[in-house]
Amino acid sequence: MDFSPLMIYFLVWSIMTVQAFHLAQSLRAAINRGDKVRNIAKAFCSIFCISVGLFFLFSHLSVAFHTKKIFILAFHAFIIIFQMVMIWLPKPE
């Protein structure tokens, strides 16, 4: 199987997306424990998650596994929205 540089780039952003979910989950766990989580930490984590999500979207579009781009856009929008919900929603009661 021939791995092009785009496929390796795609793999890197996939791994970075997993790391972004770990960061978001760490913030969510701290929020749920009742720890004080500063907004600056939430902002930096949000910037990281959005950046990774957008770079992953661009690499996914360049590899183009699917012919329908709307599925790719919806998939990445879901990932970014899911991460933002994990970071910014308050502790459940």
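Since the structure is predicted, the reported quantities are computational estimates derived from the model, not experimental observations.

> Just checking my understanding: could you explain the packing of helix H1 (residues 5–33) against helix H2 (residues 39–63) for this structure?
Any two packed helices are characterised by how steeply their axes cross, that is the angle between the axes, and by the distance between the axes. In the contact formed by H1 and H2, the axes pass within 9 Å of each other and the chain directions differ by 155°. One element, H1, and the other, H2, form an angle in the roughly antiparallel class. Crossing of H1 against H2: the hand is left-handed.

> Whenever I open this one, the packing of aromatic side chains confuses me. Can you help?
To describe a pair of aromatic rings, you give the distance between the ring centres and the angle between the ring planes. Taken as a whole and assessed by the stated rule, the structure comprises five aromatic pairs. Relative to Trp 13, the ring of Tyr 9 lies with its centre 5.9 Å away and its plane at 85°, an arrangement referred to as edge-to-face. With Tyr 9 and Trp 13 both in helix H1 and four residues apart, the pair spans about one turn of that helix. You can call Tyr 9 partly exposed: its relative accessible area is 38%. Of the residues examined, Trp 13 reaches a relative accessible area of 14% and is grouped as buried. Relative to Phe 82, the ring of Phe 21 has its centre 5.7 Å away and its plane inclined at 75°; by these criteria the two rings are edge-to-face. Here Phe 21 is found in helix H1, whereas its partner Phe 82 is found in helix H3 (residues 69–88), with 61 residues between them in sequence.

Reading the values: rules and limits
Residues numbered from 1 in each chain as written. Predicted model: local features only at pLDDT ≥ 70, side-chain atom pairs only at ≥ 80, totals over all residues. Heavy atoms only, no water. Axes fitted to C-alpha atoms, helices over the stretch in contact; angles between N-to-C directions. Helix = DSSP H or I, 4+ residues; strand = E, 2+ residues; numbered from the N terminus. Parallel < 35°, antiparallel > 145°, perpendicular 65-115°, else oblique. Left-handed = near helix turned anticlockwise from the far one by under 90°. Phe/Tyr/Trp six-rings, centres within 6.5 Å; stacked < 30°, edge-to-face > 60°. Buried < 20%, exposed > 50% of the residue type's maximum accessible area, 1.4 Å probe, protein only.

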